[in-house]
Amino acid sequence: MLSSLLSFWTSSLLFCMGPLLHCGEAQVLTEVQAGPLYRMAGSRLSISCNVSGFTDVSSQKDFEFRVTKPFTDNELNIISTSDPTFGYTVYRNRGNDITLSHVTPNSVLFEIQSLRKDDEGKYNCFVVNPYTVYKGTYDATTVVKVIDNSLSVSSTDSTRLSHNEGEALTLTCRASSDTIQHTHLSVAWYVHRENQDNAQLILSLDRDFTLRPGQEFRGRYQAGFIRLDKVGEATYRLRMEQLEVSDRGRVYCQAQEWIQDPDLSWYSLAQKTAGDTTLDVKGRELVPDKPSVVVRLSAQQLSLQEGQELLLTCSVDTQNLEEKFFSVAWHRAGVEMARIGPTGVLSVTSEYSLREKQGELRASKTGDGDYRLVLQPVSTDDQGEYMCRVWPQERGQRGAFVQGAAQDSISLQASISATELVPDKPSVVVRLSAQQLSLQEGQELLLTCSVDTQNLEEKFFSVAWHRAGVEMARIGPTGVLSVTPEYSLREKQGELRASKTRDGDYRLVLQPVSTDDQGEYMCRVWPQERGQRGAFVQGAAQDSISLQASISATESDLSLTCTPALIRNINSDITIKCSVMSSRPGLSRYAVTWILQKPAQNVIIASSDRDSSVKFGPTVNVVHGQRISVRRTEGPSFELTVRDTETSDQGSYVCEVVEWLQNSRGKWHRLTSVYGSTQLTLIKPANDLRLDTTETWLSAREGDEVQLKCDLITETSGPPLFYKLTWFYTGHGSPTVNNQLLELDRSGILRYPSNKGLHGLQRRLRLSRHKPSSFGLEIQRVHERDSGTYHCRVEQYQLGLHGQWQQKASVDGVPIMLSVNVTDNNLSLIRKELEFNVSTGQNFTIPCHVATRSSQESKFQVTWFWQQESHSQCYPLFTSYRNSTLHDRAGWGERLRRIFSHDSPNHFALTVSEPTLAESGLYSCEVQEWLPTLSHGWRKVGVENSGYSTVTVYSQGQNDALSGCYSGMLIGVFVAIVLISLLVIFVLVLKLKRAKHSSKKSADLRCRVTSCVSRLPASLTASWISTYRLDTDIRRLAIAADLLPAHGPPAQLYPLGLPPRAHHSRLQVAMATSSDEETKSKLADT
């Protein structure tokens, strides 16, 4: 009992704990790359998808991708990692263009190598659950938008340029995009040298508007010899100073369009390259027959003590030395120290610039070919290998020096030993103190460096002040002040001063200070001992403790009032005003900077210092500067005016105002900056340029004149407007669309763009403008191949204040569908069934008459045919071609050609003379109508056939016999009619009176008919009597006598193949009415 109860509670507990245990399990989460993803048609699409939360992490999961097209709810299968037949046929047929591959067991990469326009839609990534329990999210969706590639890159430079070494090169590239999405452009120039697989980057303007030089061109870029400027809305200019021979190659411009995906990563939408320019740089060498340069390096002494002087003399020897120019440089350990240029100007590398300013390094030209370098005092750091390098210099055509090949001297090894101070001398104690360390901007920072040692008045020291570990200024042992380049300007302006006081202290003053001056300050002292020759020998440095100076900006109490947000039309003038309110009117001066803030960059437009000196920002070119003006008005207020605004002028305009105050010493110091902003939004003016859209379909016959209309409905008033017109054409079934036919620019110049396929059409175009708002296009003598779609584009321009053209509006007309037909088929013949019975000695004529024709200019080709029966083979007899050529196709010779007639334009006839018995049969004619066309020459419009003419041909003897038979038959018919009439009258009169005798009379009559007819063959008799249409009484009697069937004649063969209606009717009558047995016998034989 106890065990049962325990088992019950255990199972109940497990049942209740089950949901809690499941709560601890991880849920499945499927994630896909966030959208929308904008990609261009033809580019590569890649979508990553991963899943997490499965207990079995290492097993490979199966994924499926589906898509839902816009405006539909149907989901289409694309591809699966497990089932190759998963995708619909339309996707499977694309083969390797669509792939789905595993990156890890839990992630895949879906790729479309060449994206199509209809690939746009919602893409769903689904992970197949290998378990029976579903917990979590097993699919994720992202949106893909496919846009057109509107990136345009072009270059107006020549395809081949030649320059001399040392000259300058300027290349221009235009890059723009009409994509409505927010994209960035990057522009780069490359050079592709011969015998190199890859092109080398010269300089690029990246998508974040930073300049990046190529590895090989970095030094020249930093020296200012290479630069890239944006000189317009879509124009980029590369400038290369002092070309080198290594610059030879194909130079081209490449642009890329970038878009930022929702995950903040950048994606390259499109990349295009402009036409390249083949650059040839011709090197200039010294005249080869001139003697070589000999360079010698000598030293006064190479084994030195610290503090002594190192004197290096570089001697140059060559012919006509006094007429030559040289650049001479001294190197230590392979690194250049100083250089004297061809004009005698000394330049020192940054490593030695401070020593040159302190007078420890000197270099000069002492005579023709002699150059001297002096280092004093030297230290152990100066020992090493020294060398002199010389470059001959030649003056070019424009006065620039052309550098020749370098010549090096031999190397000299200088050894310098250290001189230590006497060890028993007391050490130096250095202290740094400050009058005040917590300052406001504009105040004075005073740093005093005190040196304490024995016999202080007999000692010499070098004292230097450092901020953040960087030296600011130094006072040498002789009391000479030297300042580093960073502080040289402030020293010249009197803002930095350093001196030695009477009590032996060293004082550094910074006034006024700014927040940039805060940091850690330290004083460093070097004891100096005079050497044997009076040179100072520097001892070990002693540092003071560091002091932290904090400088807070003086808060300005200025308040700014700026123009509220502006919304203006493009090409209008805008003025932004920034008014200043201060508690110190008349005591302050103001420096104002106007900044244009855009999403990716801040552009300084213009600035004025406290003395009201105005200058434009570094990126503002001359053309842009002409549209900008800055002025100060009462208040004070500051105004920025931008004329003829462009799209690039849109953004947030920030007015930065800095207040300057003057202290009691007359020194100016600045307060904190105050900012105000105005948002400028530029919109295109309402487009009132509209075209008439009433006529959309035209139909014409070839050779007609066609007028295409392009009419403006309204015209705007105001400044004079100019129009540019372009007509486009797309042929039926043509792979290319919107081919330019002609262009009328805004100045009235008409151009025909070169297009070999449209050259014939362009020569027949006439542009008409009967009134300013109408642009008509006339196509003269229209051809059938002119059929297609035409439309016009009208662009409206206005001349700006500075003579530049500004586009106001642009509109495309509705398509005009033109259908050109050669002509309609109106050919018809007179159809008449004819019968001819002719003898071999007679002629018969087969007519062929045209009832209606398609055009009066058409020509006919007529062919007559013969066939024995309606279902037998048809043979051509005779053809009359459209060029009046006759062709006997049956071999009947002159019997056909001699009697062909064409007596009127629509009447044709063929007469057959003396036919044979074998020429009996069915005759017909076929007429082909041909028209001359402008596009394809002669063109067949229609084909019609006439009715059949039945011709029966007899021999001459048969014809005479038939004539006799015809006469007898006429008599027989007459006699038969009389007998039948009498018989009928007799029967009617005597019917009542002689009823008994009527049957006997009928039997007698039946006997007579039976006796008459029974003498002929049964089949022939039945045929003749049944087919004779007039003798109905005899037929009725024959049926009553059981000599004829009641319905139709029996099957029989007609004698001689003759039709029954031609001759047999006469024979029937003659046989039925003849009383002469001999005549009946002859007729039966016939």
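Turning to the overall build of the chain, a few remarks are in order. Looking only at helices and strands, one finds 14 helices and 75 strands in the chain. For the chain, the residues scored as buried account for 41% of the 1086 residues in total. If you take every contact in the chain between residues at least 6 apart in sequence, the share linking residues at least 24 apart comes to 60%.

If you walk through the whole model with that rule in mind, you get 35 salt bridges. Close ionic contact of arginine 66 with glutamate 64 constitutes a salt bridge, the shortest N to O distance being 2.7 Å. The exposure class of arginine 66 is buried, given its relative accessible area of 16%. With a relative accessible area of 12%, glutamate 64 lands in the buried category. For arginine 212, the salt bridge identified is with aspartate 206, shortest N-O distance 3.4 Å. Arginine 212 gets classed as partly exposed once you look at its relative accessible area, which sits at 40%. One network of salt bridges, with partners in common, ties together Lys724, Glu743, Asp745 and Arg751.

Attention shifts here to the pairing of strand S69 (residues 875-880). One ladder, built from five bridges, connects strand S68 (residues 859-867) with S69; its direction is antiparallel. Note that in S69 the partner of phenylalanine 865 across the bridge is proline 876. Bridging between S69 and strand S70 (residues 886-888) involves three bridges; their strand directions are antiparallel. Note that in S70 the partner of serine 880 across the bridge is leucine 886.

Across the sheet, which stays open at both edges, the four strands sit in the order S21-S23-S28-S27 with antiparallel pairing between neighbours. Strands with a single pairing partner mark the edges of an open sheet, and in this sheet they are strand S21 (294-299) and strand S27 (361-367). The sheet shows a mean angle of 20° between the axes of neighbouring strands, direction not considered. In the sheet, S21 pairs with strand S23 (residues 310-317) via six bridges, with the strands oriented antiparallel. The partner of valine 295 across the bridge, within S23, is valine 316.

Let's shift gears to the sheet that holds strand S3 (residues 45-52). Strand order in this open sheet of four strands is S1-S3-S7-S6, and the pairing throughout is antiparallel. The sheet is open, and its two borders are formed by strand S1 (29-32) and strand S6 (98-104), each paired with just one other strand. Between one strand and the next, the sheet's axes are offset by a mean angle of 20°, whatever the strand orientation. Pairing of S6 with strand S7 (residues 107-112), which is carried by six bridges, proceeds in the antiparallel orientation. Across the sheet, residue serine 101 finds its bridge partner in S7, namely leucine 109.

Here we take up the confidence of the model for the chain. The predicted model of the chain averages 80 in pLDDT, with 83% of residues at 70 or higher. Across residues 1-25, where pLDDT falls below 50, the model places one contact with residues more than four positions away in sequence or in other chains.

Moving on: the nonpolar core. Val153, Trp189, Ile202, Leu238 and Met240 are the most contacted members of the largest nonpolar core, which has 32 residues in total. For this core, the elements supplying multiple residues, two or more each, are strand S12 (169-176), strand S13 (184-192), strand S14 (200-205), strand S16 (226-230), strand S17 (235-240), strand S18 (249-260), strand S19 (266-273) and strand S20 (277-282). Beyond its immediate chain neighbours, meaning those up to four positions away, methionine 240 contacts Glu167, Ala168, Leu169, Ile202, Phe217, Arg220, Phe225, Ile226 and Asp247. Listed in part, the 30 residues of the second largest apolar core include Val706, Leu761, Val782 and Val794.

Residue position: threonine 672 is located in strand S54 (residues 668-683). Residue classification places threonine 672 among the buried residues on the basis of a relative accessible area of 16%. Expressed as a C-alpha distance, the spacing of threonine 672 and serine 552, which sit 120 residues apart in the sequence, is 9.6 Å. Not counting residues up to four positions away in its chain, the partners in contact with threonine 672 are Glu441, Ala553, Thr554, Glu555, Ser556 and Val657.

Attention shifts here to the state of the cysteines. Counted by the stated rule, this structure contains six disulfides. The disulfide bridge from cysteine 49 ends at cysteine 125, spanning 2.0 Å between sulfur atoms. Disulfide cysteine 49-cysteine 125: torsion about the S-S bond near -90°, hence left-handed. On the criterion of sequence distance, the pair formed by cysteine 49 in strand S3 and cysteine 125 in strand S8 (residues 121-127) is long-range, its members being 76 residues apart. A single burial state applies to cysteine 49 and to cysteine 125, both of which are buried. Here cysteine 314 engages in a disulfide with cysteine 388; their sulfurs sit 1.9 Å apart.

Right, let's talk about unusual backbone geometry for a bit. Cis geometry marks the peptide bond from glycine 35 to proline 36, where omega comes out at 5°. You can see proline 36 is positioned in the loop between S1 and strand S2 (37-40). Cis peptide bonds are those with omega within 30 degrees of zero, and the linkage from glutamine 376 to proline 377 qualifies with -5°. Topologically, proline 377 is positioned in the loop between strand S28 (370-375) and strand S29 (384-395). Here the phi dihedral of leucine 264 falls at roughly 70°; this positive angle occurs in a residue that is not glycine.

Rules used throughout
- Residues numbered from 1 in each chain as written.
- Predicted model: local features only at pLDDT ≥ 70, side-chain atom pairs only at ≥ 80, totals over all residues.
- Heavy atoms only, no water.
- Helix = DSSP H or I, 4+ residues; strand = E, 2+ residues; numbered from the N terminus.
- Buried < 20%, exposed > 50% of the residue type's maximum accessible area, 1.4 Å probe, protein only.
- Contact = heavy atoms within 4.5 Å.
- Salt bridge = Lys/Arg side-chain N within 4 Å of Asp/Glu carboxyl O.
- Pairing = 2+ DSSP bridges.
- Axes fitted to C-alpha atoms, helices over the stretch in contact; angles between N-to-C directions.
- pLDDT = per-residue confidence, 0-100.
- Core = buried A, V, L, I, M, F, W, Y, C linked by side-chain atoms within 4.5 Å.
- Disulfide = S-S within 2.5 Å.

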